[in-house]
Amino acid sequence: MTFSLHGIGASKGIAIGKVHMVARGLVDVPEYFVEKSEIEREVERFGIAVAEARAELGAVREHIPPDTDTDIAAFIDTHLLMLDDSAITSAPIRLIREEGRNAEWALKLQRDALVAVFDAMDDDYLRTRKNDIDHVVNTVQMRLLHTEKPLRRADGSFAGKIVFADDLTPADTVLMQHQGVAALVTEFGGPNSHTAILARSLRIPAVVGLHNAGPYLRDEDTVIVDGRKGVVLVGPDDQTVRHYKKRQREIERIHAARRKLRFAPTVTCDGESIVLQANVELPADLETAVQVGAQGIGLYRTEYLFMNRDEPPGEEEQYQAYTEVMRAGEGAPVTIRTLDLGADKQVDGSRPGAPVTSNPALGLRAVRLCLKEPGLFRPQLRAILRTSAHGPVRMMIPMLSTTAELAQVLELIKACRKELDEAGQPYDKTMPVGAMIEVPAAAICADIFARELDFLSIGTNDLIQYTIAIDRVDDEVNYLYDPLHPAVLRLIQMTIRSGQKVGIPVAMCGEMAGDARYTRLLLGMGLKEFSVHPNALLEVKQVITESHVRESRKFSQRVMRVIKSTTRSALLEEMNRL
Ligand code: PEP
Ligand code: MG
């Protein structure tokens, strides 16, 4: 039986392989004892969660299209029956009443007992049924925990597998990449989440926002993932597999042709020289950046150095890591962004001890967090300054929103310089300091920031999120995520013009810069520096070398004037056909 599941394409590429379901049984469950007087209330809480889980599965069953294979409905019916089974519904109640355990803990203990029985079975098919237990138990756990997106740590072996998870953190993605995962598929998440960006930079085909797909997939199912279209084909027949293998070979041929552009200068048809640099997060990106001939690193996301570890790296370790990047770039300029932790960039998947905030993207992230914790910030500032002794380094501050923050940062940098002078440690006294323009307030006041800084770089991922008020990781509002929104285009234009007026360079390092559909538009708006993920660099370079800036300028002005979004997209397409 072949059927397709449709989500959002987050990272291009085709993968064919077997499914590996992760984290289904790894919900972080609180364990505590309940006061005697609260036991009946706890039993009631459990009963409500089971009823809600039943309603949820019932709703999923209702949404199965009538022409879909009946097996799928039967599969959900199995889960509904399990929710009526005393092994899942009554046994935890006994544990709550007799042992005073909280509902989540009682359910987890019962799940472990059931899974142990299945694990001991000889029959492969029956053994895989334990996934069903996890699906059902997790549906109840999520109701108990009132969470849709529990943060979980993934583990296990992912070599060559198509990993399916409800959601993945960037930290999980990194761990999986190390194990050679073939593709990622998630129920939640948008195409501009850090996990999606990471998948693109790791060249892992990825589909996100595949709602309610869990019940349709099982461990070891053969699937094809088309990361461009956002489609997952389950149980493909031989002919379909042959077709997709052919597509894989075609994609490889296109890449091979683009690789020839590596040594070509980045100059438009009418002679404008453009700076085309790479965004780097992981050491592997650096290798690709060099391979594709990037003219330096326009965004080095340092937060990945801080992930999957207990203690943050000290000054010395950071200095070594940054100079390593410098060396690998063979003398090309490197823009090191100071720490941008917080919101969807957590140091690990579980955020131990982090306070629960209702709007993390509006909270203590990036430069705000760094200014609050100078013990974290100063070693990084010193490490970046010291790296500047070895080659052209630029320091870039993320998420600036007020000039007071900028003044504080500049003051701290001054203090670090003084310390280095006193210790006789070398650094480049003219090292440029710039900022990311990724908050509307900063874009609107870009002229003021431009006067205090040596360069600006537009971070469209956050700029779009904050301008249109859409959470970049929430796929429910992803349909609103539009780089062509007039408000976004105006803010970009204002930033570019502010830089031009003061005479400082303005780059763009958000994902918009790496999407070749927007290259001509941005050239026409006056952008002269692009920093893109290395895997997109040659495609963007191809468009630049086939463009005329003067012609693009006329089209860009028209795109900016158009009110209707469909007309805007049509104009963009026309522009790209020139
Ligand atoms: C951006 O916001 O556009 C950006 C490049 O920064 P990040 O994606 O790391 O938040
Ligand atoms: Mg950002």
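Please refer to the structure placed before this passage.
Cut-off values and rules
Residues numbered from 1 in each chain as written. Chains lettered and ligands numbered in written order. Predicted model: local features only at pLDDT ≥ 70, side-chain atom pairs only at ≥ 80, totals over all residues. Heavy atoms only, no water. Helix = DSSP H or I, 4+ residues; strand = E, 2+ residues; numbered from the N terminus. Buried < 20%, exposed > 50% of the residue type's maximum accessible area, 1.4 Å probe, protein only. Areas by Shrake-Rupley, 256 points an atom, 1.4 Å probe, with all protein chains shown as cover. 1 Å grid on protein atoms, 1.4 Å probe; cavity = no way out; pocket = protein on both sides within 12 Å on 5 of 7 lines; lining within 4 Å. Points joined across faces, edges and corners; volume = space filled by probe spheres on them. Nonpolar A, V, L, I, M, F, W, Y, C, P; charged D, E, K, R; others polar. Pairing = 2+ DSSP bridges. Axes fitted to C-alpha atoms, helices over the stretch in contact; angles between N-to-C directions. Contact = heavy atoms within 4.5 Å. Donors = N, O, S within 2.8 Å, 3.2 Å for Na, K, Ca; no water. Parallel < 35°, antiparallel > 145°, perpendicular 65-115°, else oblique. Left-handed = near helix turned anticlockwise from the far one by under 90°.

S.K.: I'm lost on the overall build of the protein chain in this one. Help?
M.R.: The number of helices and strands found in the protein chain is 23 helices and 16 strands. The buried share among the 578 residues of the protein chain stands at 54%. With an accessible surface of roughly 25,300 Å², the protein chain has 53% of that area assigned to carbon and sulfur atoms.

S.K.: Can you walk me through empty space enclosed by the protein in this structure?
M.R.: Taking a probe equal in size to a water molecule and rolling it over the atoms shows the remaining empty space. This model, assessed by the stated rule, comprises five cavities of 30 Å³ or more. There is about 70 Å³ of room inside the largest cavity. In this structure, the largest cavity is lined by 15 residues; those nearest its centre are Arg301, Arg337, Met436, Glu438 and Asn461. Listing elements by their share of the lining of the largest cavity, those giving two or more residues are strand S10 (297-301) and helix H18 (460-468). A per-element tally of the lining of the largest cavity places H18 first, with three residues. When its residues are assigned to classes, the lining of the largest cavity shows three nonpolar, five polar and seven charged.

S.K.: Please clarify how the sheet that holds strand S7 (residues 222-226) should be interpreted in this entry.
M.R.: The pairing of strands in a sheet happens through backbone hydrogen bonds and is either parallel or antiparallel. Strands sit in the order S1-S8-S7-S3-S4-S5-S6-S2 across an open sheet of eight strands; the sheet is mixed. Sheet topology places strand S1 (3-6) and strand S2 (8-11) at the edges, where each strand pairs with a single neighbour. Each adjacent strand pair in this sheet contributes to an overall mean axis angle of 30°, direction not counted. Relative to strand S6 (residues 206-208), strand S5 (residues 183-186) runs parallel, the two sharing two bridges. Looking at the pairing, valine 185 lines up with valine 207 of S6. Helix H9 (residues 194-201) rests against S2, S5 and S6 of the sheet, and its axis sits at about 55° to S2. Lying over the sheet, helix H10 (residues 238-259) contacts strand S3 (14-21), S7 and strand S8 (231-234), oriented at roughly 120° with respect to S3.

S.K.: What exactly am I supposed to notice about the coordination of the magnesium ion (ligand 2) here?
M.R.: Octahedral metal centres with six donors ideally show angles of 90 or 180 degrees, and tetrahedral centres with four donors ideally show 109.5 degrees. Of the protein atoms, only Glu438 (OE) and Asp462 (OD) coordinate the magnesium ion (ligand 2), at distances of 2.0 to 2.1 Å. With glutamate 438 in the loop between strand S13 (433-437) and helix H16 (440-444) and aspartate 462 in helix H18, the pair connects residues that are 24 residues apart, well separated along the chain. On the accessibility criterion, glutamate 438 (2% relative accessible area) is buried.

S.K.: I'm lost on the packing of helix H4 (residues 91-99) against helix H5 (residues 103-119) in this one. Help?
M.R.: Packed helix pairs are characterised by how far apart their axes lie and by the angle those axes make with each other. Contact geometry for H4 and H5: axes closest at 8 Å, N-to-C directions at 130°. Here H5 runs oblique to H4, going by the angle between their axes. Where H4 crosses over H5, the two elements pack in a sense that is right-handed. Touching Ala91, Pro92, Leu95 and Ile96 of H4 are Ala103, Ala106, Leu107, Leu109 and Gln110, all from H5.

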